2 protein chains.
Amino acid sequence: MARKQGSHSEITGPKVLDTALRLIARHGYAAVSMRQIAAEVGVQAGALYNYTADKQSLLFDLMQSHMTELQAALGAADLRGDPVARLDGFTRFHIRFHLPRSDQVFVSYMELRNLSPQNFATIEAMRREYEATLENVLRDGVGQGVFTVPDTRIATMAIIAMLTGLSNWYREGGRLGMAEIEDIYCNLVQKSVSR
Amino acid sequence: MARKQGSHSEITGPKVLDTALRLIARHGYAAVSMRQIAAEVGVQAGALYNYTADKQSLLFDLMQSHMTELQAALGAADLRGDPVARLDGFTRFHIRFHLPRSDQVFVSYMELRNLSPQNFATIEAMRREYEATLENVLRDGVGQGVFTVPDTRIATMAIIAMLTGLSNWYREGGRLGMAEIEDIYCNLVQKSVSR
DNA sequence: GTCTATAGCGGGATAGAC
DNA sequence: GTCTATCCCGCTATAGAC
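*Asks:* Whenever I open this one, the relation of the copies chain B and chain A confuses me. Can you help?
*Replies:* Both copies of the chain are placed relative to one another by a rotation about an axis and a shift along it. For the pair chain B and chain A, the superposition axis carries a translation of 0.0 Å, the fit reaches an RMSD of 0.1 Å, and the rotation angle comes to 180°. The two molecules are tied by a two-fold rotation axis, judged by turn and shift. Counting the interface residues of chain B, we find that 100% of their copies in chain A are interface residues as well, pointing to one common contact surface.

*Asks:* Is there a simple way to explain the environment of Ile 24 of chain B in this structure?
*Replies:* Here Ile 24 of chain B is to be found in helix H1 (residues 9-27). Distance in space between the C-alpha atoms of Ile 24 of chain B and Ile 37 of chain B is 9.3 Å, their sequence separation being 13 residues. If near-sequence neighbours (up to four positions away) are discounted, Ile 24 of chain B is found in contact with Arg 113 of chain A together with Tyr 29, Val 32, Leu 62, Val 107 and Glu 111 of chain B.

*Asks:* Explain the interface of chain B and chain A here, please?
*Replies:* Size of an interface: often given as the accessible area lost when the parts come together. Counting residues at the interface gives 36 residues for chain B and 36 residues for chain A. Counting the surface chain B buries against chain A, the share from its top three residues, Arg 113, Ile 154 and Lys 191 of chain B, is 25%. Taking the shortest distance from any N to any O, the salt bridge between Arg 175 of chain A and Asp 151 of chain B comes out at 2.7 Å. For the interface between chain B and chain A, the tally reads 14 residue pairs in polar contact (both at pLDDT 80 or more). Of all the secondary structure elements, the ones that give two or more residues to the side of chain B that touches chain A are H1, helix H5 (102-110), helix H7 (152-169) and helix H8 (178-192) of chain B. When residues of the side of chain B that touches chain A are assigned to their parent elements, the largest contribution, 9 residues, is made by H7 of chain B.

The rules we used
One numbering rule holds for all chains: residues counted from 1, following each sequence as written. Chain letters and ligand numbers both follow the written order, the letters beginning at A and the numbers at 1. Reporting of local features is limited, given that this is a predicted model, to residues whose pLDDT is at least 70; pairs of side-chain atoms are given and counted only at 80 or more, and all residues count toward the totals for whole chains, interfaces and linings. For the side-chain quantities, the full set of heavy atoms in the structure was used; hydrogens and water were omitted. Least-squares superposition aligns the copies on the C-alpha atoms of those residues with pLDDT at or above 70 in both. The contact criterion used is simple: two residues touch if any of their non-hydrogen atoms lie within 4.5 Å. A run of H or I in DSSP counts as a helix once it spans at least four residues, and a run of E counts as a strand once it spans at least two, with each numbered from the N terminus. Take the accessible area each of two parts loses on contact, using a 1.4 Å probe, and add the two losses: that sum is the buried area. The salt bridge definition used is simple: a Lys or Arg side-chain nitrogen within 4 Å of an Asp or Glu carboxyl oxygen. Definition of a polar contact: a pair of N or O atoms within 3.5 Å, with one able to donate and the other able to accept a hydrogen when the atoms are protein atoms, and with sequence-neighbouring residues admitted only if both atoms are side-chain atoms.

What follows is the structure, encoded as structure tokens:
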């Protein structure tokens with residue numbers, strides 16, 4: 001029997017984060033109020049403060065857990081072989097990880113401005129670590145003569161931007177499935193750094 | 001002699017838009033208040049409403065004039081020749097137009113959510129028109145057998161994302177000048193669609 | 001753990017004097 | 001065209017009852 005009042009911590013906790021993620025992705029951090037989040041969760045605004053110190057922490061937690069999951073998944077993926085295989089592996093990994101997480105991607109790339117300076121520094125460092133993975137692949141490929149890249153740093157940023165942009169327009173159930181998308185992007189990426 | 005009160009329309013009008021652009025680019029539309037804009041302009045909040053119907057119109061005007069200038073500049077640029085030359089031309093045009101306008105780019109791509117549905121539709125239509133320019137180049141190149149692209153629509157989105165991402169990290173006076181950036185991106189773009 | 005109530009502040013927008 | 005003053009509303013966060 002549903003209760004209107006009482007103890008729901010095991011349900012409410014995750015629900016707060018899920019709801020905040022969805023609302024912030026849709027309307028933006030500054031435009032979403034704690035009251036709005038509470039209403040969707042099904043509690044009063046005050047109750048949210050049992051789960052978060054303040055609104056800023058809510059945003060930071062969302063972005064940090066996204067980056068933590070990303071790093072964990074990247075560690076679990078084995079990107080081995082020659083640079084060509086590793087570049088394909090990275091491209092497919094990036095797409096598989098990010099495509100089913102469009103809200104997280106949106107928040108993580110649009111709300112950086114709204115992090116406190118300290119929180120921003122933390123997230124930024126994690127992001128740079130991820131980018132370094134790709135840059136290492138490119139550098140190794142250039143070193144071995146299988147890639148020709150005018151500037152590995154720029155090529156890294158260009159490829160990441162290309163891949164991340166995908167999340168802005170891809171919609172599940174659209175013209176192309178994820179497997180086809182992967183193939184298409186592997187082709188574009190691979191050629192862009194080819195000799 | 002500076003006046004604190006009186007008629008300033010010729011100065012204040014543009015100043016409102018300039019200030020709003022800068023503040024919104026930095027902090028986001030929802031996070032910037034009319035009082036804040038007024039303070040930077042040097043007037044009281046009420047005076048802003050001599051220049052804009054409301055806050056939403058301010059955002060829309062900024063985005064619309066950005067897109068109008070983009071279309072005018074694109075019309076003035078002559079992208080002629082074979083598809084390879086036209087693709088280079090488009091790449092250089094995009095970079096030259098967008099790099100010196102980082103605030104406009106930021107606002108135009110980050111604040112789409114905060115447009116009213118009607119305003120969104122207007123801006124979106126202009127954006128699609130711009131994308132169509134690139135897609136036509138790619139399609140012609142594929143038709144003439146000089147490009148090999150798995151899917152022209154996706155390649156268009158991928159290239160636009162790659163180029164637009166540039167505005168997120170490029171800083172004037174950095175390691176590379178605009179001319180070098182142009183060359184590097186032309187190389188990446190051209191190869192990504194090559195045979 | 002959630003509720004109600006509220007403190008304290010700042011938001012967009014308008015009215016009317018100058 | 002700008003000012004001052006204000007309306008009305010919503011915001012974050014806290015306090016204390018249950």
